[in-house]
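Here's the letter readout for the chains.
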Amino acid sequence: MEKQLAPQTSVHPLDQLTVAECKKAVSLLRREHQGKSLHIKNVQAQEPPKKLMTRYLDALHSGPPVAPPPRVAYCIYYVLEDRVGEEMWLNLESESVVQRRTFPKGSHPPLDFNEILPYGEKLLKEKPVIEALKKCGVTDELMKCVAPDGWIYGCDTNIVQPRYVMFLMYMRDAKTNNADSNIYSFPLPFVPVYDLMEQKLARVDWCATGGDGDDVVEINYNTRNPMQPLVETLRSSEYMSELRPELPLRQDIKPYHVVQPEGPSFSVEGSRVRWQKWDFRVGFNAREGLVIHDVRYDGRQTFYRLSVSEMTVPYGDPRPPLHRKQAFDLGDLGAGYCANSLALGCDCLGTIKYFDGHLVHGDGQIEVRKNVICMHEQDDGILYKHTNYRTNVPRVARRRILILQTVLTVANYEYIFAWHFDQAANVELEIRATGIVSTQYIDPGKKSKWGTVVAPSVLAASHQHIFSMRIDPAVDGHNNTIAVCDTKLDRRDQINPHGTGFYNSTSYVEKSSAFDADQTVNRYIKIVNENKINPITMSPVGYKLSAVPSALLLAPEGTICRSRAQFATHHFWVTKHVDDEFFAGGVWTNQAAVELGGVQDAVNRNEHVRNEDVVLWHSFGLTHHPRAEDFPVMPVERLTVGLHPNGFFTENPAMDVPPSNQKFNRSVEVMDTRCCNKI
Ligand SMILES: [Cu+2]
């Protein structure tokens, strides 16, 4: 029986650091580095070892309580005088150092916005940059419109590079110079590179501006009109309606209010959420952003931890220097640092619960970022329906979902990560890509096979977004097995003379490994618990992964692009759980030539994973050839991965959801609107 818990306000071991804990960690960090200047990269809660944590959680849910594991802060920072990066683990209770580690040689910590921003301003005073701007036709008067966009430098060599940041150069529309003008419709074809440790401009790289069949380096003087300044070939393409006086807004959309007269159906105690038999914890950290912990349904364990682990965004234009464009938005920057403060009535409709995020910045300042996660219920159409055609009596229930959403802004792009829970014990991760495609200059009238011209002289290069979803399952316990289910044809013989026979064939993954989707055999992956047999199916209880069998990383074997993103080369990775192994694309992704400490290394341990504490990682994504319709801002493109109970229950677990009726739902019928537009 589930123990009834008193409302909990104290800190749970899986909670993010409180503001007081962040402050304490920063002061302990300074105590350990007296006389030195620190640039702090991250301070976040260290998740307790799983062994300790499961004991604590089991006791919390059903036994006599045990003491929580100590609160430990994990810190990443630069010691500026020594030009060295370090990690430190601090026990916040004993105020002592648990562990200290210097950065591995050649590894760079993530970038942060505060680090980049000052260079964006300094840049415009650099002589080589001013000269480059002049070359593009940027007059003294236009200088105020120049808007550098700090970008991850990427990597194209195995030789360790200085810690760099590159700037893609853009301008605001000179006609308005409005701060919210869409700079991505005014790209300039050069890229200043800054050395962050030396704090100086390293060089200015020129981009090719030609089209198909032209030279692939520098400004293409053969095809451009030398008399026409480059900036004059560009036109504004605004996404802010205030900057579009020529485009009247639609007048025919009526208000749509979501009303929950009795309030939401969920309850929240600290980070613990309970809704429709679901019980889980909402976590947040600087690197992964939203994380879901300790997920239970009707008192049964389902998942220990669910997260988006990493993503990589390689671009397809091979012309230097843009061939280096390959972002790892979680590892290079941090989903938590990129999280938006969400707003009522804008990012989510209805009755909304918000969660704040605690972030520590370079100078040790602690930011309470409001509303980084929103949670709300949503009607999602029909959950099930059957009409008995003999009696014409229908039975229908509506599908209510609980959504936890976070939105990341990564320079030009936005990612919306949303976890959906429903009343039939399904969990889904929905990712929406939106924002503005990354653009570059192309000569007037030219096309390029490496992208799509989305506005005059604006090329949006083809690119991929490959995500890794990390599933740490606990299907009725922590010892789980990954099953691969392929549909097989029966041999054509006496039993199967018409060749119609087929069946679902299950094999179990014995050793840590990586493999791919196969639609030709309807392959799907199940997480099962072989120690618990479903009395109806007489097979192990399980959850099915409804995967996205999308194109994987296109860069071929032997390329740096591929070696630094091994996680993106297979759809499924099965590894044995190791504490702190959270990052599919490696621990340090910024400028890394090789994925280190990611899923490939985890698989290489060649461990036994059957009926063990196993982790399943799913890589999937979009190969995005931009459309004209993706500009000036992209309508969302959606991807959904499902985790669906499959033999976990003995019947549809939603049979106790009340059937839908008009008394409860109070819908309104639209009468004939043709003549008067009124109801
Ligand atoms: Cu895209």
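Residues numbered from 1 in each chain as written. Predicted model: local features only at pLDDT ≥ 70, side-chain atom pairs only at ≥ 80, totals over all residues. Heavy atoms only, no water.

Going by what an unreviewed UniProt entry lists, the protein chain is known as Amine oxidase and is assigned to Wickerhamiella sorbophila. According to the UniProt record, the Subunit (unreviewed entry) comment for the protein chain reads "Homodimer." UniProt's Sequence similarities (unreviewed entry) comment on the protein chain is quoted here verbatim: "Belongs to the copper/topaquinone oxidase family." (UniProt positions renumbered as here; feature names shortened; annotations may be inferred.)

Trainee: Can you help me understand the coordination of the copper ion in this one?
Mentor: Angles between donor atoms at a metal ideally measure 109.5 degrees for a four-coordinate tetrahedral arrangement and either 90 or 180 degrees for a six-coordinate octahedral one. Around the copper ion, the donor atoms from the protein are Tyr413 (OH), His463 (NE2), His465 (NE2) and His624 (ND1), and they sit 2.0 to 2.2 Å away. Its four donor atoms give the copper ion angles of 94 to 140° at the centre, a pattern that matches the irregular case. Within one chain, the residues serving as donors to the copper ion are arranged as Y-x49-H-x1-H-x158-H. Taken together, the positions of Tyr413 in strand S19 (residues 413-422) and His465 in strand S24 (residues 463-473) put the pair 52 residues apart, joining distant regions of the chain. By the burial criterion, Tyr413 is buried, and His465 matches it. (Donors = N, O, S within 2.8 Å, 3.2 Å for Na, K, Ca; no water. Tetrahedral: all angles 85-135°; square planar, octahedral: opposite > 155°, others 65-115°. Helix = DSSP H or I, 4+ residues; strand = E, 2+ residues; numbered from the N terminus. Buried < 20%, exposed > 50% of the residue type's maximum accessible area, 1.4 Å probe, protein only.)

Trainee: When you look at the packing of aromatic side chains in this model, what are you seeing that I'm missing?
Mentor: In the structure shown here, the tally under the stated rule is 22 aromatic pairs. Summarising the aromatic geometry, the rings of Tyr119 and Tyr194 are spaced 4.8 Å apart at their centres and angled 50° between planes, so their arrangement reads as tilted. Of this pair, Tyr119 sits in helix H3 (residues 113-122) while Tyr194 sits in strand S8 (residues 190-195), and the two are 75 residues apart along the sequence. The class for Tyr194 is buried, based on a relative accessible area of 0%. Taken together, the aromatic side chains of Trp278, Phe280, Tyr297, Phe303, Phe421, Tyr543, Phe648 and Phe649 make up a single cluster linked through ring pairs. Seen from the ring of Tyr164, Arg203 lies directly overhead, with NZ or CZ sitting 5.8 Å from the centre. (Phe/Tyr/Trp six-rings, centres within 6.5 Å; stacked < 30°, edge-to-face > 60°. Lys NZ or Arg CZ within 6 Å of the ring centre and 35° of its normal.)

Trainee: Even after reading the chapter, I still don't get the pairing of strand S14 (residues 300-314), so can you show me in this structure?
Mentor: In summary, the side chains of a regular strand alternate between the two faces of the sheet. Within S14, 15 of the 15 residues are buried, which leaves the element mostly enclosed by the surrounding structure. Pairing geometry for strand S13 (residues 289-297) and S14, over six bridges, is antiparallel. Within S14, the position partnered with Tyr297 by the bridge is Arg300. Linking two consecutive strands that pair antiparallel, namely S13 and S14, is a turn of two residues; a positive phi of about 55° is found at Asp298 within it. Looking at chain direction, S14 and S24 are connected through eight bridges and run antiparallel. Bridging from a neighbouring strand, Glu310 pairs with Ser468 of S24. As judged from the two bridges shared by S14 and strand S15 (residues 326-327), these two strands associate in the antiparallel manner. Pairing of Val313 across the sheet is with Ala327, part of S15. (Pairing = 2+ DSSP bridges.)

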